[in-house]
Amino acid sequence: AHSGIMSCEPFFIRTQCSVCSPWHCSDACLTLFCRQFPGCGNIVTFSQFLFIAVEGFIFETNFGRKKPAIPIRYYFTMVAMFFTVSVVNNYALNLNIAMPLHMIFRSGSLIASMALGIIILKKRYSVSKYTSIALVSVGIFTCTFMSAKQVASDSSLNEEDGLQVFLWWLLGIAALTFALLMSARMGIFQETLYKRFGKHSKEALFYNHALPLPGFLLLAPNIYHHAVLFSQSESFQVPVIGLTLPIMWFYLLMNVITQYVCIRGVFILTTECTSLTVTLVVTLRKFVSLIFSILYFHNPFTAWHWLGTAFVFVGTLMYTEVWNSLGPFLARWRKRPKEE
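Quick notes on the rules
Along each chain, numbering runs from 1 in the same order as the chain's sequence is written. Two thresholds apply to this predicted model, a pLDDT of at least 70 for residue-level local features and 80 or more for giving and counting side-chain atom pairs, whereas whole-chain, interface and lining totals are computed over all residues. Side-chain measures were taken over the full set of non-hydrogen atoms in the model, leaving aside hydrogen atoms and water. A run of H or I in DSSP counts as a helix once it spans at least four residues, and a run of E counts as a strand once it spans at least two, with each numbered from the N terminus. The buried label goes to any residue with under 20% of its type's maximum accessible area, the exposed label to any with over 50%, and the partly exposed label to all in between, with areas taken from a 1.4 Å probe on protein chains only. Working definition of accessibility: Shrake-Rupley area with a 1.4 Å probe, residue cover restricted to the visible protein chains. For Phe, Tyr and Trp, where Trp contributes only its six-membered ring, two rings pair if their centres lie within 6.5 Å, and the inter-plane angle classes them as stacked under 30 degrees, edge-to-face over 60, or tilted in between. Every patch collects residues that have over 30% relative accessible area and no salt bridge, joining them within 9 Å if they carry like charges and within 5 Å if they are nonpolar side chains (Val, Leu, Ile, Met, Phe, Trp, Tyr). The working definition used for a salt bridge is a side-chain nitrogen of Lys or Arg within 4 Å of a carboxyl oxygen of Asp or Glu. UniProt positions are given in the numbering used here, feature names are shortened, and annotations may be inferred rather than shown by experiment. You can read pLDDT as the predictor saying how much it trusts each residue, on a scale of 0 to 100. We call two residues in contact when some of their heavy atoms are within 4.5 Å. For the purposes of these results, a polar contact is taken to be a pair of N or O atoms within 3.5 Å, where, inside protein, one atom must be able to donate a hydrogen and its partner to accept one; residues adjacent in sequence count only when each atom of the pair is a side-chain atom. Multiplying one less than the number of residues by 1.5 Å gives the expected span of a helix. Throughout, the arc means that of the directions going from the helix axis to the C-beta atoms. Throughout, nonpolar core names a set of buried Ala, Val, Leu, Ile, Met, Phe, Trp, Tyr and Cys residues whose side chains join them through atoms within 4.5 Å.

## So, the overall build of the protein chain
When its secondary structure is counted, the protein chain shows 13 helices and two strands. When each of the 340 residues of the protein chain is scored for burial, the buried share is 44%. Accessible surface computed for the protein chain: about 18,800 Å², of which carbon and sulfur atoms make up 68%.

Right, dumping it as structure tokens:
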């Protein structure tokens, strides 16, 4: 049987727009954080999780009175998977894995998701689906690799360490491979849960962000330190409202709100479409962010970048089967003048 993705195509296109647009605003805010306060990722992540958890506790669980439709043990499993992927991906950077290679490796998520879907869910896709995923993956890899070459000269391995450095690098590659497959497995786990218990995107959004909150206690000193630094930033008057507050807190508020819109769109998408489609949306979001950063920071946009962009564009059109939708539309459009 085919994957049956046609039913969610209009939803896929709408969500792609709603997810990507605010995410670039979120990325811009994050860039401002990192420029002024490197290492502030913990307070940003904590704020995002806290906001989503509080909103969900009030509006989704009705202050804890509503029981979850999906047994909470499954959410613990999902959170454990997510935590493992995050930790392993971050730790891989300590194993002689350069950030460009890190980015390139993660662009293989589409292939990993399709492969596990075939192995675990016994799915079969049409030739056009295989081709589209290959085109998108090659396009993203090309753009990422060419961007990586531009910064590769900034980081080089110490050749004196020889075999030891190479072995640590191999361990890093193994860690990235594990994280890639675990991330794809998590997507399939979510898909099977929703098929079994029904669509509960808001509930999943709440529990996936509320359950990990105690873990931030381990990062409390770092979070408090950056909260103090944020409070010491220059004052900023919010337009329209007229409220004055430290500008870094304003940036954080904007980041949290836009991130909430994005992540909610992704969780809704997980209930409407297959894990492969969700992976495609998130991967395209990363690709557009990469192109945005190239243009924003005035990095060279070479012919290879254009080629990669063309691959991604054509692959996405093939995946959504836009051609099939355009055919009847063009046929009707051509008939109109004759009828008149």
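## So, the packing of aromatic side chains
Between two aromatic rings, the relevant description is the distance of the centres plus the angle of the planes. The tally for this structure, following the rule as stated, stands at 13 aromatic pairs. Note on Tyr75 and Tyr207: the rings are 5.0 Å apart at their centroids and 15 degrees apart in plane angle, and the pair reads as stacked. You can see Tyr75 sitting in helix α3 (residues 72-92) and its partner Tyr207 sitting in helix α8 (residues 201-210), a full 132 residues away along the chain. Residue Tyr75 is classed as buried on the basis of its relative accessible area, which comes to 0%.

## Structural notes on a nonpolar patch on the surface
Taken together, Leu50, Val54, Phe57, Ile58, Phe59 and Phe63 make up a surface patch of nonpolar side chains, about 560 Å² in accessible area. Among the structural elements, Val54 can be located in helix α2 (residues 41-59).

## Overview of the UniProt feature "transmembrane region" (unreviewed entry) in the protein chain
What UniProt calls "transmembrane region" (unreviewed entry) maps, in this numbering, to residues 74-92, 104-121, 133-153, 165-184, 205-224, 236-254, 266-297 and 303-326. Spanning residues 165-184, this segment combines 100% helix with 0% strand, and its end C-alpha atoms are found 29 Å apart.

## A short note on the confidence of the model for the protein chain
In the predicted model, the protein chain carries a mean pLDDT of 76, and the fraction of residues at 70 or more is 71%. Across the protein chain, element-level confidence peaks in helix α9 (residues 220-231) with a mean pLDDT of 92 and bottoms out in helix α1 (residues 9-36) with 49. Segment residues 1-24 is flagged for pLDDT under 50; beyond a separation of four residues in sequence, or across chains, it makes 50 contacts in the model.

## Points about the pattern of salt bridges
Applying the stated criterion to the full structure yields three salt bridges. Residue Lys195 pairs with Glu191 through a salt bridge whose shortest N-O separation is 3.6 Å. Within this pair, Lys195 and its partner Glu191 are both found in helix α7 (residues 163-197), separated by four residues, close to a single helical turn. The network of salt bridges with shared partners includes Lys123, Glu191 and Lys195.

## Description of the side chain of Asn208
Among the structural elements, Asn208 can be located in helix α8. Reaching out from Asn208, the side chain makes a polar contact with the backbone oxygen of Ala204 at a distance of 2.7 Å. Asn208 has contacts with Phe49, Tyr75, Met78, Val79 and Phe267, leaving out every residue within four places of it along the chain.

## Here's the deal with α9
With 12 residues, α9 extends 16 Å from end C-alpha to end C-alpha; this agrees with the ideal 16 Å at 1.5 Å per step. Taken as a whole, α9 has its buried residues at Ile223, His226, Ala227 and Phe230. An end-on view of α9 places all buried positions within 110 degrees of arc, on one side of the element. Turned more than 90 degrees away from the buried face of α9, the exposed residues are Pro221 and Tyr224.

## Thoughts on the nonpolar core
As a rule of thumb, soluble globular proteins bury nonpolar side chains together. Counting residues in each nonpolar core, the largest one holds 37 residues, and the members touching the most others are Ile43 and Phe230. Mapped onto this core, the elements with two or more residues apiece are α2, α3, α7, α8, α9 and α10 (247-272). Among the elements that take part in this core, α10 stands out by supplying nine residues, more than any other. Contact partners of Ile43, with chain neighbours within four places excluded, come to Ile223, His226, Ala227, Phe230 and Trp249.

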